[in-house]
Amino acid sequence: MLKFPSDKIRKTAQRVRNNAKLIPNIDYKSVMKYALETSRSAQMTIDAGELNLTNYHSLDTKQLKVLIYGNVNLNLLDGSAVWATSVARMLSVGENIQTDLLLKTHVYNDRLLKPLYELDNVQIIDPFAEKHREQLGTARWYKRKDISPGYAPTVIQHCFNEKDYDFCIVRGYPVIKALLKHPHLMKKMWVYLTDFPHSMEEFSVQEFEDLQSVLLHCNRFLCQTEEMREFLIELFPFAKDKVYVLNPMIPMNEELKPTFKISNQPSLVYAGKFADLWMSQELLELFPTIRQRLPKITFNIAGDKFNDSKVNENFKEDVTQLLEITPGVKWIGGVSREESQKLILESDIGISYRSHELDDSLELSTKVLEYAILGKPVIFNKSDMHTRLFGDDYPLYANSDEEVVANILLAVENPEIYEMAAKRMFEVAKRFTFESMYVQLSDKLWNEKKIPLFYMTPREVREQIRFYKSRLAVLSQEYLFLINRLGNDESKIEMDEAIMNAAHKVDNSESYEDLDMYMKDVIFLSEEVSRLTKALREKHMTDGTGGLHE
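What you see is a predicted model; the values in this text were computed from it and never measured. (Residues numbered from 1 in each chain as written. Predicted model: local features only at pLDDT ≥ 70, side-chain atom pairs only at ≥ 80, totals over all residues. Heavy atoms only, no water.)

### Quick notes on the overall build of the protein
- For the protein, the count of helices and strands is 22 helices and 14 strands.
- Among the 550 residues that make up the protein, the fraction classed as buried is 53%.
- Within the protein, counting contacts between residues at least 6 apart in sequence, those at least 24 apart form 73% of the total.
- A total of about 26,900 Å² of accessible surface is found on the protein, and carbon and sulfur atoms cover 49% of it. (Helix = DSSP H or I, 4+ residues; strand = E, 2+ residues; numbered from the N terminus. Buried < 20%, exposed > 50% of the residue type's maximum accessible area, 1.4 Å probe, protein only. Contact = heavy atoms within 4.5 Å. Areas by Shrake-Rupley, 256 points an atom, 1.4 Å probe, with all protein chains shown as cover.)

Here it is as structure tokens:
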């Protein structure tokens, strides 16, 4: 790519300065600085001696508008529900980000939403409100007050029609599969997924193809840990530039100061859902054994969501009975995140013991971090990810019932080990606060905000289309001539299709956004044809024919 000649820079600067006056909220000095810094990108090129402007028109570059939607019920206290509100709180750190959280279900218990009410740049969208009745009120899900995955794209599109969001952060495989049927929406999605196999051996053919399709068609893909990102890129190298890490996030409450000291009457704490892989029933059945060794110890538990069990059809009833009758267990049901924090702060040791089936999981538990940020040591499984974060020498890893009991005793009976483990957990957790995560992600978020370098009139859009079509026609003819000479029919067919597809896209562009997206494809194809033409020409000359034409 050629450098900008100085006279063209001056002319470009003058054009930006003049047209910036026509567009609200544009700081032309910042725009010009951006233009010069990115002059080697596809947004500004010198091709065949002409200035090609492949930009778009936007009326607002100073505010980022983000929609959040999860296939989650915010009435229940579990990790996925906490995730949705956490993302909103993280984005609220950016003063110029307007975040809207779209509800899946009617909310009758707003304990998780209360912290969002105090944020000026976060809005809750209730699709069941009266103002949406005219457009959405006839659907069955509307009457049930619960959006089914298949109808989620319709509601998301309705929100985009109301407010032109820059993108939508969406969670839930059923919803994402439904969005794949709506390519125009899918290209606006930042997909967040964790519920896919975490090793190649576990993938079925269908699961592999599903995940590949998501990565191909989404705007960005958010995964929970760096280990998960590396795994995905190893499987799908093409997605390297669109896979980002969005770690679990936790609030940092300056008023809740950890002491790193164990109390005289020690207590365990668990806050979250009840499920087979979370060892919920096994931990409650193990607690009497712990009490035999530590008669004064108690077990504080918060949570009201019960997952279906694959091994016990009476799982909810059996666990509920254990919660209610086991001596020393204090179950307070579902509570807000703030009440959960208070419970953790009043306790001594966090419990996050999981099934062996999750030993190789690439996920990081939000609850581990919530215990940690309040200065509590945690009993949890030893895994590669945990040792990377918390160190191989962390003293309270437990991968069996026996190790759970032994390490609880170790922490209670050895104040120095308790303090060391608590401080280790706290220092790591500080990297996962809302503020820390926003700093890590902010550049990537704002990269999605398109900065207009030029105002393009409809006439200029048509001129751009004509230029690229003629440019492609010239290059494709030379390329196809050389392919014919080499007898590579397969390559000829592939290039024929690529050129036709690119030309069709440009010919059917109807908006600035379409032009911006399609122009990138055309620029890439133009450069690729030029490169291959040169390579084939050199090969042709090397073969000794003495020229391109007979």
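Past the structure itself, the notes keep going.
### A word on the pairing of strand β4 (residues 97-102)
- Here β4 lies mainly inside the structure; six of its six residues are buried.
- Neither face of β4 is exposed, since Ile97, Thr99 and Leu101 on one face and Gln98, Asp100 and Leu102 on the opposite face are all buried.
- Relative to β4, strand β3 (residues 64-70) runs parallel, the two sharing six bridges. Its bridge partner being in β4, Lys65 is matched across the sheet by Gln98.
- The parallel pair β3 and β4, bridged by helix α3 (residues 79-91), forms a crossover whose chirality is right-handed. (Pairing = 2+ DSSP bridges. Right-handed = clockwise from strand over helix to strand, strands pointing away.)

### A look at the sheet that holds strand β8 (residues 220-223)
- In spatial order, the strands read β5-β4-β3-β6-β7-β8-β9; together these seven strands make up an open sheet with parallel pairing. The open sheet is flanked by β5 (122-125) and β9 (243-245), the only strands paired with a single partner. The mean inter-strand angle of the sheet, taken between neighbouring strand axes irrespective of direction, is 25°.
- In the sheet, β3 pairs with strand β6 (residues 167-171) via five bridges, with the strands oriented parallel. Looking across to β6, one finds that Gly70 is bridged to Arg171. (Axes fitted to C-alpha atoms, helices over the stretch in contact; angles between N-to-C directions.)

### Describing the confidence of the model for the protein
- When pLDDT is averaged along the protein, the result is 79; 70% of the residues meet or exceed 70.
- The low-confidence segment residues 1-6 (pLDDT under 50) makes 16 contacts with residues lying over four places distant or belonging to another chain.
- For the stretch residues 19-60, pLDDT sits under 50, and the model shows 100 contacts to residues farther than four places along the chain or on other chains. (pLDDT = per-residue confidence, 0-100.)

### Some words on the pairing of β3
- Counting buried positions along β3 yields seven of seven residues, so the element is predominantly enclosed.
- Residues Leu64, Val66, Ile68 and Gly70 point to one face of β3 and Lys65, Leu67 and Tyr69 to the other, with burial holding for every one of them.

### Notes on the environment of Pro248
- Mapped onto the secondary structure, Pro248 falls in the loop between β9 and β10 (267-271).
- Between the C-alpha atoms of Pro248 and Ser86, which are 162 residues apart in sequence, the distance is 8.4 Å.
- Sequence-distant contacts of Pro248, that is, excluding residues within four places in its chain, are made with Gln224, Leu364, Thr366, Leu369 and Phe432.

### Quick notes on the environment of Asp318
- Looking at where Asp318 falls in the secondary structure, it is placed in helix α13 (residues 315-325).
- Using a relative accessible area of 27% as the deciding quantity, one classes Asp318 as partly exposed.
- For Asp318 and Gln281, which are 37 residues apart along the polypeptide, the C-alpha to C-alpha distance reads 7.8 Å.
- Not counting chain neighbours up to four residues away, the residues in contact with Asp318 comprise Gln281 and Asn312.

### Section: the nonpolar core
- Within the largest apolar cluster, 96 residues are counted, with the highest numbers of intra-cluster contacts made by Leu74, Leu246 and Ile408.
- With eight residues, α3 is the single largest residue contributor to this core.
- Leaving out residues up to four positions away in the same chain, Leu246 has contacts with Trp83, Val87, Met90, Tyr192, Leu222, Cys223, Gln224, Met437 and Leu441.
- If you look at the next biggest cluster of nonpolar residues, it comprises 44 residues, including Ala152, Met189, Phe196 and Val214. (Core = buried A, V, L, I, M, F, W, Y, C linked by side-chain atoms within 4.5 Å.)

### Here's the deal with the packing of helix α12 (residues 280-293) against α13
- Relative orientation of the contacting elements α12 and α13 amounts to 30°, with a least axis distance of 10 Å. Judged by the inter-axis angle, α12 sits roughly parallel to α13. Note on packing geometry: the crossing formed by α12 with α13 is left-handed. Of the residues in α13, those in contact with Ser280, Gln281, Leu284 and Glu285 of α12 are Phe315, Asp318, Val319, Leu322 and Leu323.
- Of the residues that constitute the contact of α12 with α13, the class distribution is five nonpolar, two polar and two charged. (Parallel < 35°, antiparallel > 145°, perpendicular 65-115°, else oblique. Left-handed = near helix turned anticlockwise from the far one by under 90°. Nonpolar A, V, L, I, M, F, W, Y, C, P; charged D, E, K, R; others polar.)

### Some details on helix α17 (residues 401-413)
- In this model α17 runs 19 Å from its N-terminal to its C-terminal C-alpha over 13 residues, within 8% of the 18 Å that 1.5 Å per residue would give.
- Within α17 the residues assigned to the buried category are Val404, Val405, Asn407, Ile408, Leu409, Ala411 and Val412.
- Buried-residue contacts for α17 involve β10, α12, β13 (349-352), β14 (378-380) and α18 (415-429). (Expected span 1.5 Å × (residues − 1).)

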